Amino acid sequence: QVQLVESGGGLVQAGGSLRLSCAASGRTGTTYAMGWFRQAPGKEREFAAAIKWSGTMTYYADFVEGRFTISRDNAKNTVYLQMNSLKPEDTAVYYCAQTPVYYYTLRTKSAYVYWGQGTQVTVSS
C-alpha cells in the first residue's frame, strides 16, 4: 500500500502562484510514476501533469500551456507541482496519484493505482 498526502493548496488571485506537494509513504520503493489530476465542480477529473520516477520524462496537459512544472525529490518520496500564472479556470481540487507499474500512457486515471485525498486550489479573478 502507498499513502499519498497533498498539501499547498489555497486561495490565490489570478496571475499568482502556488506550489503543491505530495508526500508518499508506505511501499514507495517500486514507484514507476506519479501524476497530478484536477477536478472542478461538476466536471470529470482530468490529467494535469505526470513524471516518471527515474529519468527525466515529464508530461503535461494542453491546458498547462507552460505555466505548471512537475518535479520530484526521490529521497523524500515527494512530487511537486509548481503552478504559475494561475487563472480562475484552474480552480479545482488537485489530486496526486502514483503507479508502481508501467502503463502505456500516464495521461489517464486508469494508469494510477493510489490516490491522495486532494487539496483545494481556488483562483479568484
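Residues numbered from 1 in each chain as written. Predicted model: local features only at pLDDT ≥ 70, side-chain atom pairs only at ≥ 80, totals over all residues. Heavy atoms only, no water.

Colleague: When you look at the sheet that holds strand 1 (residues 2–7) in this model, what are you seeing that I'm missing?
Modeller: Each strand in a sheet pairs with its neighbour through backbone hydrogen bonds, running either in the same direction (parallel) or in the opposite one (antiparallel). The strand order across the open sheet formed by 4 strands is 1-3-8-7, and the pairing between neighbours is antiparallel. Each edge of the open sheet is held by one strand with a lone partner, namely strand 1 and strand 7 (68–73). Shown here is a sheet whose adjacent strand axes are inclined to one another by a mean of 15 degrees, direction ignored. One ladder, built from 6 bridges, connects strand 1 with strand 3 (residues 18–26); its direction is antiparallel. Within strand 3, the position partnered with valine 5 by the bridge is alanine 23. (Pairing = 2+ DSSP bridges. Helix = DSSP H or I, 4+ residues; strand = E, 2+ residues; numbered from the N terminus. Axes fitted to C-alpha atoms, helices over the stretch in contact; angles between N-to-C directions.)

Colleague: Where do I start with the packing of aromatic side chains in this structure?
Modeller: Geometrically, a pair of aromatic rings is defined through the distance of the ring centres and the angle of the planes. According to the stated counting rule, one finds 7 aromatic pairs in the structure shown. Note on tyrosine 32 and tyrosine 102: the rings are 5.8 Å apart at their centroids and 80 degrees apart in plane angle, and the pair reads as edge-to-face. Residue tyrosine 32 is found in the loop between strand 3 and strand 4 (33–39), and its partner tyrosine 102 is found in the loop between strand 9 (92–99) and strand 10 (114–115); the two are separated by 70 residues along the sequence. Three or more aromatic residues joined by ring pairs make a cluster, and in this case those are Phe37, Phe47, Tyr112 and Trp115. For arginine 72, the ring lying beneath its charged end belongs to tryptophan 53, and the centroid distance is 6.0 Å. (Phe/Tyr/Trp six-rings, centres within 6.5 Å; stacked < 30°, edge-to-face > 60°. Lys NZ or Arg CZ within 6 Å of the ring centre and 35° of its normal.)

Colleague: I'm lost on the pairing of strand 4 in this one. Help?
Modeller: Moving residue by residue along a regular strand, the side chains alternate between the two faces of the sheet. Burial analysis of strand 4 places 6 of its 7 residues in the buried class, the great majority of the element. Examined bridge by bridge, strand 4 and strand 5 (residues 46–52) share 6 bridges and lie antiparallel to one another. Bridge pairing in strand 5 places alanine 33 opposite lysine 52. Pairing geometry for strand 4 and strand 9, over 7 bridges, is antiparallel. (Buried < 20%, exposed > 50% of the residue type's maximum accessible area, 1.4 Å probe, protein only.)

Colleague: Could you clarify how one ought to interpret the state of the cysteines in this entry?
Modeller: One covalent bond between the sulfur atoms of two cysteine residues makes up a disulfide. In the structure shown here, the tally under the stated rule is 1 disulfide. A sulfur-sulfur distance of 2.0 Å marks the disulfide that ties cysteine 22 to cysteine 96. Across the disulfide from cysteine 22 to cysteine 96, rotation about the S-S bond amounts to roughly -75 degrees, and the bridge is consequently left-handed. Residue cysteine 22 is found in strand 3, and its partner cysteine 96 is found in strand 9; the two are separated by 74 residues along the sequence. (Disulfide = S-S within 2.5 Å.)

Colleague: Help me understand unusual backbone geometry, please; the structure alone is not making it clear to me.
Modeller: With the exception of glycine, most residues fall at negative phi, and the peptide bonds are largely trans. With phi around 50 degrees, glutamate 65 is a residue other than glycine that occupies positive phi space. For asparagine 77, which is not glycine, the phi torsion reads 50 degrees and is therefore positive.

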